[in-house]
Structures are given as structure tokens and as C-alpha cells.
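The chain contents come next:
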Amino acid sequence: MINELIYDFAIWLDDSAWSTLLHESYYMYNWVESIHVLTLVVCLGMLFMIDLRMLGYALPNVPASNIARRLNMPMLIGFAIMFITGILLFYAVPVRTSQSVWFRVKMILLVACAVNAYLFHRRMNESVSSWDHDTKAPDRIRFGAIFSLGFWSLVVICGRLVAYDWFDCEYTDSDNFSQLLSGCIAGQERF
Amino acid sequence: MSALGSTSSTSYGKTITVAVLLFILLTFSFTDLRYQTWLRLYEFFLWLETTPFGVIGKTWGAVFAVVEAIHLLAMALLGGAVIVGDARLLGWLFIDVPAREILDKAHKVFVVGLTVVLITGIFMACGVAGKIYWLPVFWYKMLALATGIFFVFFIRRPLLRHPLEEIHPRVTKLIAISSMLLWFTVAATGRWIGFAGS
Amino acid sequence: MIEVEGSTESIKDLQYAAVTISATIIIFFVVYWIIQIDSVRELLELAYG
């Protein structure tokens, strides 16, 4: 049911003229993809610095709240660009992407990242004044940082794997387990 | 910047080294030497594919893909360290924190990122050696990467070990800007290697 | 530049070296990316007129 909805939505996107244009434009698509990957350096680079600070590995003598506050802006700018280019990449190849196991796992992980980030910030704002100058943050915050590092690493790995076609609906048999996860539609004609 | 015409040669070792290397590089690039060297390297690239790295990379696509992802993650670490350090030099971030503190710690993160990037990068290069050999963008990336490593360890770090107040502010800004441009080029040309083969 | 006894020579040397290599990097960057972008533009022109 939900898979049919996703498929119909993807087909609808795929039928729009801009989607085809972007997909077929070798250079435009590559630029969008490059920007998506390069801003990853900005966004995750800042995020990793914040997380590593909480774990006591990077910049231990700078107050934790100082790092988190200062690096937040470049991180969010990077995230916004990644988000927009990410949507464009999906828009260019909607059917195949929406039926990719990796893409689906990536989306779930992104939700996990968002929840984790929300909890992390709430906990930090509640208590940061008491441990701001400590080399390591308290356990609760450290777990948040470890989850953040872990989830985002998996997001990158899954994102990279979207490019590989091992589990594509087009190239797997209908009795293959991956077809279930990918949400392939029996008898679908477009991939 | 005064005393540009100084003739004391003994104390200008690094400047002379840079100038000589630059001269060699330009001579190499604009003569037949470059082409000849490229031809000779073909055997080496074929050999790379037969190394354990090359065999694994060619045989198991999944391993290659995961290494690619780790390469990206390490690049994020390296990029993060570069941005934080350079932004401090340019006075964009952390101006209330001593520059020494930021620069030294950022450099440690940078070294970790660079190490992982190099190891995963060599692995990937072995897997697709026969392809990248033919791509100009790969060679540009190698040039940028070599320049970057030389720049960081031979010039930037030794210079920044001196108190920042002793360094001309424009020189500080110049190395921050060129460092960001350079590492951007390394990353962007790296991404382009993937497209160029398809 | 503040002249400090002792480390002045090596810091001068390092600064000249840094300026030389930075200038090279920036020039290379500009030339490389202008050529890249221009070649894309030419290709697009060939493709779409």
C-alpha cells in the first residue's frame, strides 16, 4: 500500500520535465552531486568537531558550549545546502532512488540523527554551565555524541551505497528478500 | 614585507627550496619530460591492480564501496579541521580563544583525517588503477594533494609555531585562504574522478 | 612585522616561502577552475547551441 503510494509519487515526479532535464544533463547532475558531497565536508566536518570535543578528543581546552555555538552556524549552512541538493538528486532519479534499500535505510537513519540532535541540544542547554570547562562532557552528552558520530557515518555509507545497483528492483528476482525491503511493485514497468 | 632584496642565502633555505621546486615542477609540466614519465608509470599502475589492495577492490564491490564511504568520512574530518583552523586564522571564528589552542588541536585532527584519507585513497586507487591512469583529473588531484601535504608540513606548521603576532597579518590570511582553496580542489577533483570514468 | 632577535631569520624565511607557495596555489586554483568551467560552457554550447 505505502509502497504503491511511494511508487506513484516517484512516477509523478519522474514525469515532470525538469526531472528529466536534470537527469539527462551530465554536467548539471554532476555539479549537484559534487556540491552535495563537498558540503558534507562543511556540515559533517563541523559536526565531528563538536562531537569529538564532547568526547574530549578535539580542542579539549576550549569550552564545550563555545565550540557547539560557534560551529553550529557553518554546520547548519552546510546542512541546508546538502538538504537542497539532496532533494534535487532525488528529484532527478525518483523511481530508482525511492526503491533503493540503501536510500530507505538512510532516511530512517536521518530521522534517528534528528531525534538524537534534538535530545543532545536539550540536554546540553540544560546542564552545560556545570561542565563547560571539563575536558570530557558528562556520560549522557557523550552517548549523544557517539550516536551522532555513528548515525552520520552510517548515513554517509548508505548514501554512498545508493549509487550501487546490487539490490535494484530491475536487477533482482521477484522472490528476492531485497525486493520486499526496496518496495518493488509486482509487474512495475518503470525503474 | 620589507627586505625583499636580501642576499643572505644561508638563512633562506625554505624560500629557496620552494622556488627551486616550483621551477622543477614548471619545467617538468611544460616539457616532454611529463609525457615520458607518464608513459613509464603505466607498468606501475598495471602492477597496482595486482596488489592485494587492487585484487580486493576489483573483486568485492561492497568492500570498495565501504572504503569509499570511509574515505568520505575522513575527508569530512580533514575538512572540518582545515575550516576550523583557517577560520581562526582569518578571524572568523573563536577570536576569543587563543589561536595556538585552536591551531594545534585542529592540526592533530587534520593528521588523523589525512592518514585515513591516504590509506583508503591508496586502496581505492589500486582497485581502479587502470582507469585513473588515463584521467587528467586524477593527476591534477595528485598534484594538489602533494602540494597540500608539502604546504602543511613544510611551511604552514613550522610558520605557525611562531607566535602569531610575529607573523605579518596578511601572510596569515594568505595561507588560510590558499589552504582552503587547495583542500577544496583536492576534494572536488576527487569527486570528479568518479564521474570521469562513467 | 615585529623584529625579534633570534627567530627573526627563520620566520622571515618561512614567510617568504609561505607567500610564494600561497600565491602559486591561488594562481593555479584560479586558472584550473576557469579552464574547467569554460570547458563545460563550451561543451554545453556544442550540445545545445
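Rules and cut-offs
Residues numbered from 1 in each chain as written. Chains lettered and ligands numbered in written order. Predicted model: local features only at pLDDT ≥ 70, side-chain atom pairs only at ≥ 80, totals over all residues. Helix = DSSP H or I, 4+ residues; strand = E, 2+ residues; numbered from the N terminus. Buried ≥ 20, exposed ≤ 12 C-beta atoms within 10 Å, placed from the backbone. Contact = placed C-beta atoms within 7 Å. UniProt positions renumbered as here; feature names shortened; annotations may be inferred. Nonpolar A, V, L, I, M, F, W, Y, C, P; charged D, E, K, R; others polar. Bend = angle between axes of the 7 residues up to and from the residue. Expected span 1.5 Å × (residues − 1). pLDDT = per-residue confidence, 0-100. Core = buried A, V, L, I, M, F, W, Y, C linked by C-beta atoms within 7 Å.

The name an unreviewed UniProt entry gives chain A is DUF6644 domain-containing protein, with SAR86 cluster bacterium as the organism.

S.K.: Quick question: what am I supposed to make of the overall build of chain A here?
M.R.: Check the secondary structure of chain A and you find eight helices and zero strands. Listed N to C, the secondary structure of chain A is α-α-α-α-α-α-α-α in terms of helices and strands. Here the C-alpha coordinates of chain A stretch approximately 60 × 35 × 25 Å along the principal axes. Within chain A, buried positions represent 35% of all 191 residues.

S.K.: How should the interface of chain B and chain C be read in this particular structure?
M.R.: Often the size quoted for an interface is simply the accessible area lost on bringing the parts together. Every contact between the two is made by 26 residues of chain B and, on the other side, 21 residues of chain C. Looking at the side of chain B that touches chain C, the elements with two or more residues in it are α1 (13-29), α7 (136-160) and α8 (169-196) of chain B. Tallying contributions element by element places α8 of chain B first for the side of chain B that touches chain C, with seven residues.

S.K.: Is there a simple way to explain the UniProt feature "domain: DUF6644" (unreviewed entry) in chain A in this structure?
M.R.: Under the feature "domain: DUF6644" (unreviewed entry), the UniProt entry names residues 31-164 of chain A. The straight-line gap between the two end C-alpha atoms of residues 31-164 of chain A is 19 Å; of that span, 85% is helix and 0% is strand.

S.K.: Which parts of the structure should I look at to understand the interface of chain B and chain A?
M.R.: Across the boundary between the two partners, chain B contributes 25 residues, which contact 26 residues of chain A. Where the side of chain B that touches chain A is concerned, the elements lending two or more residues are α4 (61-89), α5 (99-127) and α8 of chain B. Ranked by residue count, the leading element in the side of chain B that touches chain A is α4 of chain B, at 14 residues. Looking at the side of chain B that touches chain A, its residues break down into 18 nonpolar, three polar and four charged.

S.K.: I would appreciate a short explanation of the environment of Cys-184 of chain A in the present structure.
M.R.: All names here are of chain A. Looking at the secondary structure, you find Cys-184 in the segment after α8 (177-182). The exposure class of Cys-184 is buried, given the 21 C-beta atoms found within 10 Å. Sequence spacing of Cys-184 and Leu-88 is 96 residues, and the spatial spacing of their C-alpha atoms is 22 Å. Cys-184 has contacts with Gln-99, Cys-169 and Gln-179, leaving out every residue within four places of it along the chain.

S.K.: When you look at helix α6 (residues 101-131) of chain A in this model, what are you seeing that I'm missing?
M.R.: In an α-helix, one full turn covers 3.6 residues, which means residues spaced three or four apart are oriented alike. All names here are of chain A. The sharpest bend along α6 reaches about 50° and sits at Asn-125. For α6, every residue scored as buried is listed here: Val-101, Trp-102, Lys-106, Leu-109, Phe-120 and Met-124. Turning to α6, the residues buried within the fold contact α4 (64-92), α7 (139-162) and α8.

S.K.: Explain α4 of chain B to me, please; I cannot follow it from the model alone.
M.R.: Residue and element names in this part refer to chain B. If you check α4, its first and last C-alpha atoms are 42 Å apart, about what 29 residues at 1.5 Å a residue would give, namely 42 Å. Extensive coverage of α4 is indicated by the burial of 23 of its 29 residues. Directly after α4, the chain includes Gly-91, whose backbone phi takes a positive value near 75°.

S.K.: Would you take a moment to explain the UniProt feature "transmembrane region" (unreviewed entry) in chain A for this structure?
M.R.: Per the UniProt annotation, the sites labelled "transmembrane region" (unreviewed entry) are residues 28-50, 71-95, 101-120 and 141-163 of chain A. Helix makes up 96% of residues 71-95 of chain A and strand 0%. Its end C-alpha atoms lie 36 Å apart.

S.K.: Looking at this model, I keep getting lost on the environment of Tyr-29 of chain A. Mind explaining?
M.R.: Residues and elements named next belong to chain A. Structurally, Tyr-29 is set in helix α3 (residues 26-55). Its 18 C-beta neighbours within 10 Å are what place Tyr-29 among the partly exposed residues. Between the alpha carbons of Tyr-29 and Thr-85 there is a distance of 9.9 Å; along the sequence they are 56 residues apart. Not counting residues up to four positions away in its chain, the partners in contact with Tyr-29 are Leu-22, His-23 and Ala-92.

S.K.: Just checking my understanding: could you explain the confidence of the model for chain C for this structure?
M.R.: Should the pLDDT be low somewhere, the predicted coordinates at that spot are not to be read in detail. With 80% of its residues at a pLDDT of 70 or more, chain C has an overall mean of 81. The low-confidence segment residues 1-6 of chain C, where pLDDT is below 50, has five contacts with residues more than four positions distant or belonging to other chains.

S.K.: Hey, could you run me through the nonpolar core in this one?
M.R.: For soluble globular proteins, nonpolar side chains are generally found buried alongside one another. If you look at the biggest cluster of nonpolar residues, it comprises 99 residues, and the most contacted ones within it are Leu-40 and Met-49 of chain A together with Ala-76 and Leu-78 of chain B. For this core, the element with the highest residue contribution is α4 of chain B, accounting for 16 residues. Once residues lying within four places of it in the same chain are set aside, the contact partners of Leu-40 of chain A are Met-82 and Val-156 of chain A together with Leu-72 and Ala-76 of chain B.

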